[in-house]
Amino acid sequence: MIKMMDIFKNRKRFFAIAGLIVFIILTVFLLTNPTSKTLLQIGYYTIEIPTDWKVKTDTPGLITEKNTILKIITTTRIISNGELVFEKDNVPVGGVRIIGYEPNQLLFLPNHSEVKSKKEIEGLITRAVLVNLDITPPAATGDNSIKNENHIYLIFEEDGIAYDIYADAKYVNESQLIKIAKSFKPAPDYEVRKVVEGFGKRLKNVDKLAPKEGCRELIKENYSQYVSQNLLAEWIRDPSKAPGRYVSSPWPDRIDIKDITKIGQAKFLVTGDIVEITSVPGEEWRTGVTLTVEKLEGKWLITGIDFGSQLQTQKIKNLDEAVSYAIKSRRLAYNEGEAATEGHIILDVEEKDGIIKVYTIASFGAFGFENGIFTKISGSGAIPTVITFSKNEKGEYSLLEYKEPMDGAFYIDSLKKMFPEKLYDKVISADKYYPELAKQQEAQAAEYLKNIGRTAKVSAAYVEKKLVNINVEASNKLFGGTEFPFLNDYPWWIGTRERIENGIRYIYETSQSKTNDGYDLVIFRKTKEDGTIVEEYRYKIVDSEPQLIYKNTK
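Right, let's walk through the structure included here. This structure is a prediction, so every number in the text was calculated from the model and none was measured.

Before going further, it helps to examine helix α9 (residues 434-452). For α9, which comprises 19 residues, the first-to-last C-alpha distance of 27 Å matches the rise-based estimate of 27 Å (1.5 Å per residue) to within 8%. Among the residues making up α9, those that are buried are L437, A438, Q440, Q441, A445 and L449. Looking at the buried side of α9, the elements it contacts are β17 (339-352), β18 (355-370), β19 (373-379) and β22 (458-459). A positive phi of about 70° marks G453, the residue just after α9.

Following this line, the structure appears as structure tokens:
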């Protein structure tokens, strides 16, 4: 007679063997067939699209982040604060864009469109309206064709915006469009964006020309729900340090977010522009701004704010140098680097009554050491930029305005408003100038190395990196930035990066080996230039858990 205990033992052995076989098959499959996943974000929300669709990656204003784990799984995050355009088999089929919305006003519909039908859609994240349109080209084109489109407008009245999800009815039916609308979910940085943009809308209410006591009251009334108590107290003590409205016109309208970077477990760095407008439609001024946002006692608040540097204190008498300095003053909008560099091409200059407007293609680059190579660790591509200076009687330049084009669907229109018609072809194809701008940046980086007596390869190109080869979950814990925030300065690859702290150069190194009992071992070591160890952490990888087995923090 077979005992019940023997049956359980046999089953346990069977499942263990079966599980091992499945694991081996999956591992071989993934190694020979690396998988990829694309995450899409538009403004506050993430969305999902059919697997056979792609995002048109040359859409202006897109931010693309890639993360590859063990050379097996590649995650691509595409973010837009303006518009995402979708393609199927290289044919545009639709997209989603953010538009302004005023309560009780008609929806902003495309030009030359006729409404064929309109209805409310239930069960979505917010109030939604489905509109079917016939769209015709302008009469001047002589084209009599008609394109039928469906548009779902997700309306967020409190935010004053709507998300226009649109598609050509020839390729996408109504149910497919509704499915995309149903996939809208708050993005991981949703609350951070809400705080920054809410703060931006309050700037115009704080009159910096008001008497000090009145200004203090305005600061408290408008900023207290968006900034930390410490920052609020600093501004109340000295109202001159607080942002606000300095003149009757122009006035601050909003903060346009360009990028959000997670720099701690509950801490983000937000870069963008304070946009000032006037009563003239389309007229605006932009000032670069960097905000630190942290979660304090369960609430996201702004804890720090830095503005783009100005040139007023600089005695620069050469226009080319003034342009160079203006571009470098944008360094606050990018990640920290050891040397700030720039590249620019002056397309044209206009001068009238001591005001000089310079039309350029510009690029900023922050250089630092990665794996012993002095490389561009953050910065921009080739951006059409209009820089305006004043010039005093001594011939000294002062920066008045640094203006870049708007992102997303407004990119081309804003370019054409910024630049004279004779420069359209050059600024619309600005990317072709990037190799020359990169050469200028590399030359400046090389000069920096010469000045500090250091010899190294200089390259504006991406430095290839070898990833740590350990369990995926363990890798995410070590390098994700949340569970071990004190490791954030170390490379997320096998190799080195260098930082200068209080005038001293430190080398941060990540390496991998094996323990005596055969487990993966990841070592984080910080040293001085002479090899003196400042700190060291060793983690033994047991399944999905990093276990600290050695720590040395002198």
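Another aspect to go through is the pattern of salt bridges. This structure, assessed with the given rule, holds 28 salt bridges. R216 is paired through a salt bridge with E213; the nearest N and O atoms lie 2.7 Å apart. In this pair, R216 and E213 both sit in helix α4 (residues 212-223), three residues apart, roughly one turn of the helix. A salt bridge links D520 to K514, with the nearest nitrogen and oxygen atoms 2.8 Å apart. On the basis of relative accessibility, which here comes to 19%, the residue D520 falls in the buried class. Each of the salt bridges in this network shares a partner with another, and the network as a whole consists of E338, R454, E498, R505 and E529.

An order of β3-β6-β7-β11-β10-β9-β8 is seen for the seven strands of this open sheet, with the pairing classed as antiparallel. In this open sheet, the two edge strands, each paired with only one partner strand, are β3 (54-55) and β8 (113-121). As defined by bridge partners, strand β10 (residues 147-156) adjoins strand β11 (residues 161-168) across eight bridges and the pair is classed as antiparallel. Residue I152 lies in a different strand from β11, and its bridge partner there is I165. The strands touched by helix α2 (residues 174-182) are β8, β9 (127-135), β10 and β11; relative to β10, the strand with the most contacts, the crossing angle is about 25°.

Along any regular strand the residues' side chains alternate between the sheet's two faces. With respect to burial, strand β6 (residues 83-88) is a largely interior element, five of its six residues being buried. Sheet analysis places β3 next to β6, joined by two bridges and oriented antiparallel. Each residue of the ladder has a partner; that of K54, found in β6, is E87. Relative to strand β7 (residues 91-100), β6 is paired through six bridges, and the arrangement is antiparallel.

Conventions we followed
- Each chain has its residues counted from 1, following the order in which its sequence is written.
- Reporting in this predicted model follows two pLDDT cut-offs: at least 70 for local features of residues, and 80 or more for side-chain atom pairs to be given and counted; totals over whole chains, interfaces and linings ignore these cut-offs and use all residues.
- Neither water nor hydrogens contribute to the side-chain values; these are computed over all heavy atoms in the structure.
- Numbering of helices and strands runs from the N terminus, with a helix taken as a DSSP run of H or I at least four residues long and a strand as a DSSP run of E at least two residues long.
- Helix span, as expected, comes to 1.5 Å for every residue beyond the first.
- Buried, partly exposed and exposed residues are distinguished by accessible area as a fraction of the type maximum, computed with a 1.4 Å probe on protein chains only: under 20%, between the cut-offs, and over 50%, respectively.
- It only takes one pair of heavy atoms within 4.5 Å for two residues to be counted as in contact.
- A carboxyl oxygen of Asp or Glu within 4 Å of a side-chain nitrogen of Lys or Arg is what we treat as a salt bridge.
- Two strands qualify as a pair provided DSSP detects at least 2 bridges between them.
- To get an axis, fit a line to the C-alpha atoms, keeping to the stretch in contact for a helix; angles then go from 0 to 180 degrees between the N-to-C directions.

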